[in-house]
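Letter by letter, the chains look like this.
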Amino acid sequence: MRIIRVDASRPKPETLRPAAEVLRSGGLVAFPTETVYGLGALAGDEAATARVFAAKGRPASDPLIVHVRPGWDLSAVFARVSPAMRLLMERHWPGPLTIVAEKHPAVVDLVTSGMPTVAVRAPSHPVAALLLDLVGAPVVAPSANRFSYVSPTTAEHVARDLGDEIDMLVDAGRTPIGIESTIVAVDGNTVTVLRRGSVVIDGAGDDIDAPPSASPGRLVVHYAPRSRTRLIEAGASAGEPGGSGVVVGYADSAPAPDGWGMVSLGDRADLEDVARRLYRVLREVDAAEPPTIAIELTGRPGLGAAIDDRIRRAAGGRYLR
Ligand code: TXA
Ligand code: MG
């Protein structure tokens with residue numbers, strides 16, 4: 001694996017061109033987006049797309065997000081771009097909003113796991129944006145982690161998980177948002193949230209708790225550390241759970257139980273900072289292989305709800321008792 005280091009805010013085309021060339025010739029390139037690092041491959045290249053699933057250990061039943069630039073002609077990606085989709089794109093692209101809608105037949109079945117819909121987003125990270133400009137074609141990019149593990153927010157996370165599986169890694173330091181994009185399904189004028197994220201859509205219904213069969217990306221255990229992971233209600237103390245482990249909480253959390261360590265995600269009033277740190281802290285805590293990791297929910301709306309969704313999945317919905 002070759003590593004290319006780039007300036008996150010002002011990447012140079014000549015530095016990124018080799019990464020674009022690897023993608024264009026069917027290789028796998030991990031690169032930063034504003035949310036998490038993605039594992040990129042040319043969307044139109046079936047063999048390259050198949051390698052993405054193999055590299056992650058991801059089941060073929062879990063479809064990929066197609067990454068594009070805002071100005072691109074999407075007539076061979078979506079079956080049609082409706083006024084509601086257009087409005088969402090104008091308001092939120094480039095940015096961390098993924099739009100799921102009926103696909104154009106030209107999109108290969110592997111990308112969508114045979115579903116009639118395709119997920120598409122236009123990342124705002126300057127490195128992802130320039131890379132897409134240089135490639136000039138849609139790029140699939142799931143989060144660049146092993147399937148169901150915690151998403152990567154640094155190049156080191158990617159190298160540890162997938163270093164042997166990918167051709168190139170573009171390192172631009174930490175990703176600024178830290179949790180994955182908001183995913184919405186658009187059907188006519190109905191917008192349904194499938195995965196919460198930092199983009200909060202007023203008036204949208206949500207389908208977060210529907211059975212995972214309705215949308216494959218909502219497995220109850222996901223984004224999960226290897227250690228046994230449990231939940232603590234927002235503002236509650238961990239009680240006296242016995243044993244030992246690490247509580248992941250906030251600046252204002254109750255003290256950890258006897259025999260337990262405590263790690264802070266920061267001030268829960270600064271949710272952007274909490275989101276940015278969440279996966280890095282979970283990976284660091286997990287690396288020490290504690291018997292139990294207990295994570296306190298933020299209990300906040302908006303971005304807090306997106307963070308709490310990730311925390312619930314990390315713990316498979318189970319509380320510390
Ligand atoms: O922020 C992000 O979205 C990151 C960065 C790299 O762009 N990508 C990401 O990809 O999180 P991934 O593959 O880790 O998660 C994509 C989710 C999956 O859970 C998948 O099931 C869901 O999107 N998805 C993809 N296509 C879908 C579709 N047609 N209908 C419903 N869900 C879909
Ligand atoms: Mg993922």
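A.B. asks: I'd like a description of the overall build of the protein chain, backed by residues and values.
C.D. replies: Secondary structure assignment for the protein chain yields eight helices and 15 strands. The globule rule puts the C-alpha radius of gyration for 321 residues at 20 Å, and the 19 Å found for the protein chain is close to it. Taken along the three principal axes of its C-alpha coordinates, the protein chain extends 60 × 45 × 35 Å. Going through the 321 residues of the protein chain one by one, you find that 55% of them count as buried. Contacts spanning at least 24 positions in sequence make up 67% of the contacts within the protein chain whose residues lie at least 6 apart. Split by element, the accessible area of the protein chain, about 13,300 Å² in all, is 49% carbon and sulfur. Of the charged side chains in the protein chain, 35 are positive and 38 negative; the average position of the first set lies 1 Å away from that of the second.

A.B. asks: Describe the sheet that holds strand β2 (residues 29–32), with residues and values.
C.D. replies: Two pairing modes exist for strands in a sheet, parallel and antiparallel, and in both the strands are linked by backbone hydrogen bonds. If you trace the 11 strands from one edge of the open sheet to the other, you get β1-β8-β2-β3-β7-β4-β6-β5-β9-β10-β11, paired in mixed fashion. Strands with a single pairing partner mark the edges of an open sheet, and in this sheet they are β1 (2–5) and β11 (205–206). Relative to strand β3 (residues 37–42), β2 runs antiparallel, the two being bridged by four bridges. Residue pairing for β3: Phe31 is matched across the bridge by Gly38.

A.B. asks: Summarise the sheet that holds strand β12 (residues 228–232); cite the residues concerned and give the values.
C.D. replies: Read across the sheet, four strands follow the order β12-β15-β13-β14 without closing on themselves; strand pairing throughout is parallel. Of all the strands in the sheet, the pair left with one neighbour each is β12 and β14 (260–264). When the angles between neighbouring strand axes are averaged without regard to direction, this sheet yields 25°. Bridge count between strand β13 (residues 245–249) and β14: five bridges; the pairing is parallel. Residue pairing for β14: Val248 is matched across the bridge by Val263.

A.B. asks: Please set out empty space enclosed by the protein residue by residue, giving values where relevant.
C.D. replies: Applying the stated rule across the entire model yields one cavity of 30 Å³ or more. A volume near 50 Å³ is recorded for the largest cavity. Along its surface, the largest cavity is lined by Ile232, Ala236, Ser237, Ala238, Val247, Ser253, Ala254, Pro255, Ala256, Pro257 and Glu296. Counted by class, the lining of the largest cavity contains eight nonpolar, two polar and one charged residues.

A.B. asks: Help me get a handle on the packing of helix α7 (residues 271–287) against helix α8 (residues 303–314), residues and values and all.
C.D. replies: The contact between α7 and α8 brings their axes to 9 Å, and the two run at 20°. Between α7 and α8, the angle falls in the class roughly parallel. Regarding α7 and α8, the two cross each other, and that crossing is left-handed. In this structure, α7 contributes Leu271, Glu272, Val274, Ala275, Leu278 and Tyr279 to the contact, and α8 contributes Leu303, Gly304, Ile307, Arg310 and Ile311. Looking at the contact of α7 with α8, its residues break down into eight nonpolar, one polar and two charged.

A.B. asks: Kindly report on the environment of Ala122, identifying the contributing residues and their values.
C.D. replies: Examined against the element boundaries, Ala122 turns out to sit in the loop between β6 (117–121) and α5 (126–135). According to the relative accessible area criterion, Ala122 is buried, its value standing at 0%. The spatial distance from the C-alpha of Ala122 to the C-alpha of Pro70 is 5.9 Å, given a sequence separation of 52 residues. In this structure, Ala122 is in contact with Val68, Arg69, Pro70, Trp93, Pro94 and Gly95, ignoring residues within four places of it in sequence.

A.B. asks: Give a detailed account of the packing of aromatic side chains, specifying residues and quantitative values.
C.D. replies: Summed over the entire model, instances satisfying the criterion amount to one aromatic pair. Between the aromatic rings of Tyr223 and Tyr279, the centroid separation amounts to 6.3 Å while the plane-to-plane angle is 20°, which identifies the pairing as stacked. Taken together, the residues span a long stretch of sequence, with Tyr223 in the loop between β11 and β12 and Tyr279 in helix α7 at a distance of 56 residues. We classify Tyr223 as buried; its relative accessible area is 4%. Judged by relative accessible area, which is 1%, Tyr279 ranks as buried. We note Arg226 situated over the ring of Tyr149; from NZ or CZ to the ring centre the distance is 4.0 Å. In this structure, Arg310 is placed above the aromatic ring of Tyr223, and the distance from its NZ or CZ to the ring centre is 5.4 Å.

A.B. asks: So, the side chain of Ser151: which residues are in play, and what are the values?
C.D. replies: Along the chain, Ser151 turns up in the loop between β7 (139–140) and α6 (155–162). Of note is the side chain of Ser151, whose polar atom sits 2.5 Å from the side chain of Glu180.

What counts and how
Residues numbered from 1 in each chain as written. Chains lettered and ligands numbered in written order. Predicted model: local features only at pLDDT ≥ 70, side-chain atom pairs only at ≥ 80, totals over all residues. Heavy atoms only, no water. Helix = DSSP H or I, 4+ residues; strand = E, 2+ residues; numbered from the N terminus. Rg over C-alpha atoms; globule rule 2.2 N^0.38 Å. Buried < 20%, exposed > 50% of the residue type's maximum accessible area, 1.4 Å probe, protein only. Contact = heavy atoms within 4.5 Å. Areas by Shrake-Rupley, 256 points an atom, 1.4 Å probe, with all protein chains shown as cover. Lys, Arg positive; Asp, Glu negative; His and termini not counted. Charge placed at Lys NZ, Arg CZ, Asp CG, Glu CD. Pairing = 2+ DSSP bridges. Axes fitted to C-alpha atoms, helices over the stretch in contact; angles between N-to-C directions. 1 Å grid on protein atoms, 1.4 Å probe; cavity = no way out; pocket = protein on both sides within 12 Å on 5 of 7 lines; lining within 4 Å. Points joined across faces, edges and corners; volume = space filled by probe spheres on them. Nonpolar A, V, L, I, M, F, W, Y, C, P; charged D, E, K, R; others polar. Parallel < 35°, antiparallel > 145°, perpendicular 65-115°, else oblique. Left-handed = near helix turned anticlockwise from the far one by under 90°. Phe/Tyr/Trp six-rings, centres within 6.5 Å; stacked < 30°, edge-to-face > 60°. Lys NZ or Arg CZ within 6 Å of the ring centre and 35° of its normal. Polar contact = N/O pair within 3.5 Å; in protein donor to acceptor, adjacent residues only side chain to side chain.

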